[in-house]
Amino acid sequence: MKPNIDSKVVLAVVLCLLVFVGEYYTYYSDIHEYDASATWGDGTVEYSVYSSGSDAYSAVLIDDLINVDRLTILVDEGYDRLYDEASRMTGVSYVDQEHYAIQITEALELRSFHDVTTCGSTDLSRYIADTMGDPSGHGLLVMTYSLPVSVYDGTSDCPLLEWVSAGGSLYWIGSEICSLYTEDGVLMKVNNSQELLFGIDCMNRSDEYLADRIIENGFTDALCLKNSGLNFALDVTDIADSLAIGYSKDGYSTISFVGYGTGQICVIGGETCVNQTDDIGQVIASGLSYGSTLVEVQKGVVTRGEYTAVMDVPSDTASLYVFTGGFYTNFGEAFHV
């Protein structure tokens, strides 16, 4: 005898399968395609953005940039061995460096920034030496709590600060910037690290770890920034050649840029999380620097096709960053004059 199967049960099973298939293709299949292009003319830029689905897009025109097109992420192989001591000395929270380096790399790949490599502490001095002749265009991202004495010893003429001064870009997350270095396996404290880098003590050491207001200079909305963490963040209000973006409280900003020689230092506050990762992707891929000014932002929705528009360009140092998805960016690309 054939079993008596209720048609409603069959229908429910079919619907569940359809939902599962739909979710699979949404999250695990590259069925959506994105693209962008830009053509620079005489005082204008014409850009196009394409989506095979329906996506919000943003076109952000920025002037006065340090264009970073290569990033090295430091993964400190001695991190775990000295972490407990570093935490007692500075209050740093633990970071899974290898995992977070992968997350940052993927966030940048999504935004068409492909030249990303990792480097261990033992190879860092070689990287600094090899690029010292012309570090412009090079970025170094640090998420550990200390640097080897071979590149940093708390003095202004150490290799790392000479490298930044010559045009390199240093990005720092997750700890008090340049407060510790390691010599012969021992952590050494630099008591005046803030004055050394910025001329004043400007780092957040309070228990106020979350911002409560947006920084009203346009960049936060333009780039859909979302991280609100202020752990180890800077207050650059009284620092020349600086830019604060994102969110703030008591003067501290979630993202701060400071010019150093012909290079720059960028400190991104907060603990490691998805929001911070996305902001790092936006900041580096867009090419922001301490001297950036926001020229124009155009936003809209592109649906199953291509949208084209034109912007006026004020100078030959401009850059255009186009991205789709808004706060949930799924594609981005920067274009330089």
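Residues numbered from 1 in each chain as written. Predicted model: local features only at pLDDT ≥ 70, side-chain atom pairs only at ≥ 80, totals over all residues. Heavy atoms only, no water.

Enquirer: What's the story with the environment of Asn231 in this structure? I'm lost.
Expert: Here Asn231 shows up in the loop between helix 7 (219-222) and strand 11 (242-249). When the C-alpha positions of Asn231 and Asp55 are compared, they lie 33 Å apart, and in sequence the two are 176 residues distant. Excluding residues within four positions of it along the chain, Asn231 makes contact with Asn204, Tyr209, Gly269, Gly270 and Glu271. (Helix = DSSP H or I, 4+ residues; strand = E, 2+ residues; numbered from the N terminus. Contact = heavy atoms within 4.5 Å.)

Enquirer: Where do I start with the side chain of Ser253 in this structure?
Expert: Residue placement: Ser253 occurs in strand 12 (residues 252-260). Ser253 gets classed as buried once you look at its relative accessible area, which sits at 0%. Only 2.5 Å separates the side chain of Ser253 from the side chain of Ser256, close enough to count as a polar contact. The residues contacting Ser253, other than those within four sequence positions of it, are Ile215, Leu230, Ala233, Leu234, Ala244, Ile245, Tyr247 and Ser248. (Buried < 20%, exposed > 50% of the residue type's maximum accessible area, 1.4 Å probe, protein only. Polar contact = N/O pair within 3.5 Å; in protein donor to acceptor, adjacent residues only side chain to side chain.)

Enquirer: When you look at empty space enclosed by the protein in this model, what are you seeing that I'm missing?
Expert: Rolled over the atoms, a probe with the dimensions of a water molecule shows which regions are left empty. Enumeration according to the criterion identifies one cavity of 30 Å³ or more in this entry. One number sums up the size of the largest cavity: a volume of about 40 Å³. As for the largest cavity, its lining consists of Arg111, Leu223, Cys224, Leu225, Lys226, Asp278, Asp279, Gln282, Gly326, Phe327 and Thr329. Partitioned by chemical class, the residues of the lining of the largest cavity number four nonpolar, three polar and four charged. Each of domain 1 (35-65 + 293-337) and domain 2 (67-291) accounts for three or more of the residues forming the lining of the largest cavity. (1 Å grid on protein atoms, 1.4 Å probe; cavity = no way out; pocket = protein on both sides within 12 Å on 5 of 7 lines; lining within 4 Å. Points joined across faces, edges and corners; volume = space filled by probe spheres on them. Nonpolar A, V, L, I, M, F, W, Y, C, P; charged D, E, K, R; others polar. Domains from an automatic or database assignment.)

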